[in-house]
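Take a look at the letters that make up each chain.
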Amino acid sequence: MLRKNYQSFKLADSLKLTSRLLDREENSELLLDIQSVCDHLSSPNFRVAVFGSFNHGKSTLLNALLGKKILPTDLIPTTGAAINIKYGTELTTRIIRSDGTEIDEKGTEILQRFTRLNSERIMRSDLSSVEVFLPHPLLKNGVELLDLPGTNDREEQDNLVRRQLLSADLIIQVLDANQLFTLTEVDNLQDWLIDKGIETVIFVVNFLNLLEIEDQKKVMQRSRSIAEEFRGNFPNGISNLYRVDALPAFKAKQQGDRATAFSSGILTLESAVQNLVAILSNDLQRYRLLRVVAIANRVKQILEERVRFLCQLNTELQNAREYLEVYCYEKSIFPIGFHNKTDR
Ligand SMILES: Nc1nc2c(ncn2[C@@H]2O[C@H](COP(=O)(O)OP(=O)(O)O)[C@@H](O)[C@H]2O)c(=O)[nH]1
Ligand SMILES: [Mg+2]
């Protein structure tokens, strides 16, 4: 374990040093990603992020997991910030603005004011972090839940989500049974997760209860085959695909209706998340290192491209020197200093 830690930090240090050679403007997103991945190496917490297109029921699913209306949900795209949910002795919300000022309030009402998208579906730009604290057993031992804005709406939201995913140890991707694995979803899965060395992803199919039984079977069959394709190095013996009817699950949890909660799939998901937190925690440094390796390879590719230009310049420089030497020899021109420089 110690050796693995040591290797991760050595690679991260080297990556940060090398990334100084990158053009700041051209690679501004990549530089922020490098910072996130490297910072995450030393995080003592285990972060579970819920990710997916807008209106797929992400915030509803988190409310169902917590058995309480913590996060705002709506039919229009709602979540306009990354909301970190952590353990605390009483339900409170802490908002830190970009200018460093802090607002602490009991409950989560304040989220309506600060973290909802505005009528043009634009995020506030003056927030540095949003945290909700509550006493829930799922959040003990440093487990954090992360609610994210929906993807495939605005580029700004997509960039925020993409970066937040780099520091999530387990990702729950919420799918809509009516439009399963759209092309954009598959592309994002490949570009934002798999290519970034993020392999700890589980899929949750929502809205399945709204379909006919025959269609439900077809949707689950298709989900199974795609989820299998993206399994990668996911731990053996544990499924990466779950069916949860988020809204019925939330209502059942609130009413303490255990039978409906069970049939909604939320209890199965809850115990899978708890199992995964325990399993992945044992191997956390390896999973985190995989992301540093992926991003270091990307930096290496960019710089190798530069090295190719440098080699080309070197060859042309050499050719020019040789040409000048022959030219000067033929014309009997011997400029002072010329031989000294080329003979070196
Ligand atoms: N009928 C039904 N509606 C749901 C379900 N899950 C979420 N919704 C509704 O879908 C809308 C969007 O949900 P929300 O959680 O805000 O989606 P998010 O944008 O992905 O966070 C809300 O009006 C929810 O009440 C479900 O399982 N069944
Ligand atoms: Mg939401």
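Worth saying up front: this structure is predicted, and the values here are computed from it rather than measured. (Residues numbered from 1 in each chain as written. Chains lettered and ligands numbered in written order. Predicted model: local features only at pLDDT ≥ 70, side-chain atom pairs only at ≥ 80, totals over all residues. Heavy atoms only, no water.)

Engineer: What am I meant to see in the domain arrangement of the chain here?
Structural biologist: Interface extent is often summarised as the accessible area lost during association of the parts. As assigned here, the chain comprises domain 1 (43-282) and domain 2 (302-343). With centres defined by C-alpha atoms, the gap from domain 1 to domain 2 works out at 59 Å. (Domains from an automatic or database assignment.)

Engineer: Can you help me understand the packing of helix H2 (residues 28-40) against helix H5 (residues 155-165) in this one?
Structural biologist: A pair of packed helices can be characterised by two numbers: the angle between their axes and the separation between those axes. Relative to each other, H2 and H5 sit at 30°, their axes nearing to 9 Å. Comparing the axis directions of H2 and H5 gives the class roughly parallel. Considering how the two elements wind past one another, H2 and H5 form a crossing that is right-handed. Every residue of H5 that contacts H2 at Glu29, Leu32, Asp33 and Ser36 is listed here: Asn159, Arg162 and Arg163. When the residues that make up the contact of H2 with H5 are grouped by side-chain class, the tally is 1 nonpolar, 2 polar and 4 charged. (Axes fitted to C-alpha atoms, helices over the stretch in contact; angles between N-to-C directions. Helix = DSSP H or I, 4+ residues; strand = E, 2+ residues; numbered from the N terminus. Parallel < 35°, antiparallel > 145°, perpendicular 65-115°, else oblique. Left-handed = near helix turned anticlockwise from the far one by under 90°. Contact = heavy atoms within 4.5 Å. Nonpolar A, V, L, I, M, F, W, Y, C, P; charged D, E, K, R; others polar.)

Engineer: What's the story with the packing of helix H3 (residues 58-66) against helix H10 (residues 266-281) in this structure? I'm lost.
Structural biologist: Relative to each other, H3 and H10 sit at 80°, their axes nearing to 10 Å. Between H3 and H10, the angle falls in the class roughly perpendicular. Counting all contacts with H3, which are made through Leu61, Ala64 and Leu65, the residues of H10 involved are Ile266, Leu269 and Glu270. Residue composition of the contact of H3 with H10, grouped by class: 5 nonpolar, no polar and 1 charged.

Engineer: Any chance you could explain the pairing of strand E5 (residues 127-134) here in plain terms?
Structural biologist: Remark: a regular strand shows side chains that alternate across the two faces of the sheet. The buried count for E5 comes to 6 of 8 residues, which makes it a mostly enclosed element. Judged from the 6 bridges that link them, strand E3 (residues 92-97) and E5 form a sheet pairing that is antiparallel. Counterpart to Ile96 in the pairing with E5 is Ser129. (Buried < 20%, exposed > 50% of the residue type's maximum accessible area, 1.4 Å probe, protein only. Pairing = 2+ DSSP bridges.)

Engineer: Looking at this structure, I do not really get the packing of aromatic side chains. What am I missing?
Structural biologist: Between two aromatic rings, the relevant description is the distance of the centres plus the angle of the planes. The final tally for this structure, using the stated rule, is 3 aromatic pairs. Considering the side-chain rings of Phe181 and Phe203, the 5.3 Å spacing of their centres and the 70° angle between planes classify their relative orientation as edge-to-face. Here the residue Phe181 occupies a position in the loop between strand E7 (170-176) and helix H6 (183-193), and Phe203 occupies one in strand E8 (residues 201-206), the gap between them amounting to 22 residues. Pair check on accessibility: Phe181 and Phe203 agree, each one buried. The ring of Tyr287 carries the charged tip of Arg286 above its face, separated from the ring centre by 4.8 Å. (Phe/Tyr/Trp six-rings, centres within 6.5 Å; stacked < 30°, edge-to-face > 60°. Lys NZ or Arg CZ within 6 Å of the ring centre and 35° of its normal.)

Engineer: Hey, could you run me through the side chain of Asp245 in this one?
Structural biologist: Positionally, Asp245 belongs in the loop between strand E9 (241-243) and helix H8 (246-255). Residue Asp245 is classed as buried on the basis of its relative accessible area, which comes to 5%. Apart from the residues lying within four places of it in its own chain, the contact partners of Asp245 are Asn206, Leu208, Asn209, Ser263 and Ser264.

Engineer: Which parts of the structure should I look at to understand the pairing of strand E2 (residues 83-87)?
Structural biologist: With respect to burial, E2 is a largely interior element, 4 of its 5 residues being buried. Inspection of the sheet shows E2 paired to E5 by 5 bridges, in the parallel sense. Counterpart to Asn84 in the pairing with E5 is Glu131. Note: E2 against strand E6 (residues 143-147), 3 bridges, orientation antiparallel. Within E6, the position partnered with Ile83 by the bridge is Asp147.

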